[in-house]
Amino acid sequence: MQFEVDMMAPGAGRIIGTEHRLEVIAEDVVFGEGPVWDKRSGQFYFTDICGDTIWKCRPGSRPQVVLQPSSHANGMCMDREGRLLVAGWGGRTVFRFEKDGSRATLASHYEGKKINSPNDIVVRSDGQIYFTDSPGGMLNVGMVGDDLQKYLDIQGVFRITTGGELILVTDDFVYPNGLCFSPDEKLLYVNCSRERLIRVYDVHPDGGVGPGRLFYQYTNPDRGNPDGLKCDVEGNVYCTGPGGIWVHDPQGKVLARMKVPGHPTNLGFGGDDWRSIFVTCVGNVVRTRTNIPGVAGW
Amino acid sequence: MAWKFERVAGPYKGITGGVAWDGSGVLFSAVQEERILRFDPATGSVANFRKYTGRTNGIALGRDGTVYGAQEGGRRVIHFKADGSTAPTCELLDGRHHNQPTDLVVDRVGRVWFADPHNQVAPYGPPVYPFLERGSILRLERAGRAWELRRITDDTSEPRALLLSPDERTLIVAEGNVELGADCDLRSYAIAEDGGVDDCTVLYEFDPGERGIEGLCLDSAGNIIACAGWKKNGAGPLIYVYAPDGELLESHVAPCDLPMRCAFGDAGLDSLYLTAGDGSLYRARGTGRRGVARR
């Protein structure tokens, strides 16, 4: 299936190509999220938040259940040892699948209070885990767990140190959602679904960050708010936003908008060459090919 | 006798909505602020009962003091537990998410009856789940630790408020929302042995285009106190008092536009507390009527 792309600046074709095809990877997905490629097994993992399931699939095969019910799990990523990390959303924890298949809770409380609902997650090469803690998993229709009460007065971005300590990275956000590092990990990008913007932070050696700067603010009236966020190896920034996936150069300039049909929620680079883009949507999961590889996962 | 309302709290951002007497204070919703506040008549002070309520409007207490909320923003009835947590109930009617609860009442056996209309403000989250075509009165009841949900009325479209008569054999419903194009009336249904209802009896009809009833409460004689009307047209913003058969006994001028919901309170249960479109909590003391004590 072809799809439309708005080429909005010279050079976009070099990055995302000029032939834009989609292949359906999974259907019957109520609300897809958490796309992550497992380079060790050559499998693709994703969540269906409303369908309350974590899935895996080998492209071309039928998806298999990893966890159901899944506490309405949302974003996912691999850690350095290839263990799947999960932003637990409705379950209000961050958890990890251990090698033996058991699950370990990595974060559930901050300063003695239950955290909100972990939305998306990423790992830094020193092993620290970063996640966004937006409020939607306590409120959204069809996405909540057993306790709907918000206890924290912030919507934080947190990191979990290798020692297991939970540290606030920033409380700048109304609704922090997607997050990713630049290829050199000197920058942390975080988007806000409510304010429809992306902020960028200088990352300190210990993993803390400096003051945030506005990277881009969306004013496009099309349906959709910033959600998934990823970088390619050249530092271009991909954000699911109004009407599709927006591609920005490292300065924030818009290069293109990939108008993936339906409502794309998140994207993940994958495949052996990291040049496939898996896009989770409301209704299905699709894949397209691109020229510049994404930042490789662990 | 005329009721003289005084503002006792607010104004808050947006409207105040649900209101309930908890035995010594008044719980009321600042809907847009996503808070439930508590007014203490002994001190005149206001404190948070709950923050982050997800646009909860209606508030109701069970016999045992359990506090429930009609969470318009999340399309669910929620249970504010004593330990500070908030539990969901059952959000699915025959496998589909119901609409946006706005008012609720708990009966003697702990079943939660609620009005489930559509709302002008969209719910939280991506619009994955379509609305039910009709707004109905629905009822939650316990099934072990879980909840089950049953549809009670099938002749309503936008019910805004509800009551049970003192003997709990009659269901009283304020139907209609002019802002959604649904004409307004006050109606009653006899509750059958199986807990269902048959055809309604219309007790009072508002003129087409007139704002109908947003909130209801009972007095100790079984009369129906109703908050209705607006300055835009019709009889204006009023608090009506109807006999159980719908006879209009009296009406009182509301202290501001868009009266919302009401509840009796204070030591003798003879003050009427009122929420309103201006985001305030009002009180009229010495109404000459008394509320019904929680049994």
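Reading the values: the criteria
Residues numbered from 1 in each chain as written. Chains lettered and ligands numbered in written order. Predicted model: local features only at pLDDT ≥ 70, side-chain atom pairs only at ≥ 80, totals over all residues. Helix = DSSP H or I, 4+ residues; strand = E, 2+ residues; numbered from the N terminus. Rg over C-alpha atoms; globule rule 2.2 N^0.38 Å. Buried ≥ 20, exposed ≤ 12 C-beta atoms within 10 Å, placed from the backbone. Contact = placed C-beta atoms within 7 Å. Pairing = 2+ DSSP bridges. Axes fitted to C-alpha atoms, helices over the stretch in contact; angles between N-to-C directions. Core = buried A, V, L, I, M, F, W, Y, C linked by C-beta atoms within 7 Å. pLDDT = per-residue confidence, 0-100. Nonpolar A, V, L, I, M, F, W, Y, C, P; charged D, E, K, R; others polar.

(A) Expanded view of the overall build of chain B. Counting its regular elements, chain B contains zero helices and 26 strands. For 295 residues, the compact-globule estimate of 2.2 N^0.38 gives 19 Å, and chain B sits close to it at 17 Å. Expressed along its principal axes, the backbone C-alpha trace of chain B runs to roughly 50 × 40 × 35 Å. The burial tally for chain B puts 50% of its 295 residues in the buried class. A fraction of 46% describes how many contacts in chain B between residues 6 or more apart in sequence connect residues 24 or more apart.

(B) Main features of the overall build of chain A. The secondary structure content of chain A amounts to one helix and 27 strands. Against the globule reference of 19 Å for 298 residues, chain A gives a C-alpha radius of gyration of 17 Å, in line with a compact fold. The long-range fraction of contacts in chain A, counting pairs at least 24 apart against all pairs at least 6 apart in sequence, stands at 48%.

(C) Geometry of unusual backbone geometry. Put simply, glutamine 68 of chain A and proline 69 of chain A share a cis peptide bond, and its omega is -5°. By the element assignment, proline 69 of chain A lies in the loop between strand E6 (64-67) and strand E7 (76-78). Residue proline 11 of chain B follows glycine 10 of chain B across a cis peptide bond; omega there is 10°. Looking at the secondary structure, you find proline 11 of chain B in the loop between strand E1 (5-9) and strand E2 (16-21).

(D) Fine view of the sheet that holds strand E4 (residues 43-48) of chain A. All names here are of chain A. Across the sheet, four strands lie side by side as E3-E4-E5-E6; this open sheet has antiparallel pairing. Of all strands in the sheet, those with a lone pairing partner are strand E3 (32-38) and E6, marking the two edges. Sheet twist, expressed as the mean angle between neighbouring strand axes with direction ignored, is 30°. Where E3 and E4 come together, five bridges link them in antiparallel fashion. Bridged to glycine 32 within E4 is aspartate 48.

(E) The arrangement of the pairing of E4 of chain A in detail. Burial analysis of E4 of chain A places five of its six residues in the buried class, which makes it a mostly covered element. The hairpin formed by E4 of chain A and strand E5 (residues 53-57) of chain A contains four residues between the paired strands, and aspartate 52 of chain A there has a positive phi angle of roughly 60°.

(F) Quick look at the sheet that holds strand E10 (residues 103-107) of chain A. Residues and elements named next belong to chain A. Across the sheet, which stays open at both edges, the four strands sit in the order E7-E8-E9-E10 with antiparallel pairing between neighbours. If you trace the sheet from one side to the other, it starts and ends with E7 and E10, each paired once. Within the sheet, the average angular offset between the axes of one strand and its neighbour, ignoring direction, is 25°. Inspection of the sheet shows strand E8 (residues 84-87) paired to strand E9 (residues 94-97) by three bridges, in the antiparallel sense. The partner of valine 86 across the bridge, within E9, is phenylalanine 95.

(G) Main features of the nonpolar core. By size, the foremost hydrophobic cluster in this structure holds 161 residues, and its most contacted members are Val94, Ile121 and Tyr189 of chain A together with Leu162, Leu216, Ala226 and Cys262 of chain B. Not counting residues up to four positions away in its chain, the partners in contact with cysteine 262 of chain B are Val19, Gly215, Cys217, Ile225, Cys227, Ile239, Leu272, Tyr273 and Leu274 of chain B.

(H) Structural view of the confidence of the model for chain B. Of all residues in chain B, 100% have pLDDT values of 70 or greater, and the mean over the chain is 96. What the predictor reports for the complex is a pTM of 0.95 with an ipTM of 0.94.

(I) Structural view of the interface of chain A and chain B. Taken together, the contact pairs 17 residues of chain A with 18 residues of chain B. A class-by-class count of the residues in the side of chain A that touches chain B yields nine nonpolar, five polar and three charged.

(J) Spotlight on the environment of proline 117 of chain B. Relative to the helices and strands, proline 117 of chain B is located in the loop between strand E13 (112-116) and strand E14 (136-143). Those residues within four positions of proline 117 of chain B in sequence are excluded, and the remaining contacts are Asn99, Gln100, Thr102, Gly135, Glu158, Pro159, Arg160 and Asn177 of chain B.

(K) The environment of threonine 93 of chain A, seen in detail. Residues and elements named next belong to chain A. Mapped onto the elements, threonine 93 comes out in the loop between E8 and E9. Once the C-alpha coordinates of threonine 93 and asparagine 116 are considered, the two residues, 23 residues apart in sequence, prove to be 8.4 Å apart. Apart from residues lying up to four places away in sequence, threonine 93 is in contact with Gly88, Thr105, Ala107 and Ser108.

(L) Representation of the environment of glutamate 72 of chain B within the structure. Residue and element names in this part refer to chain B. Following the sequence through the fold, glutamate 72 ends up in the loop between strand E7 (67-71) and strand E8 (76-80). Residue glutamate 72 is classed as buried on the basis of its C-beta count, with 26 C-beta atoms lying within 10 Å. Each C-alpha atom, one on glutamate 72 and one on glutamate 133, is 16 Å from the other, the two residues being 61 residues apart in sequence.

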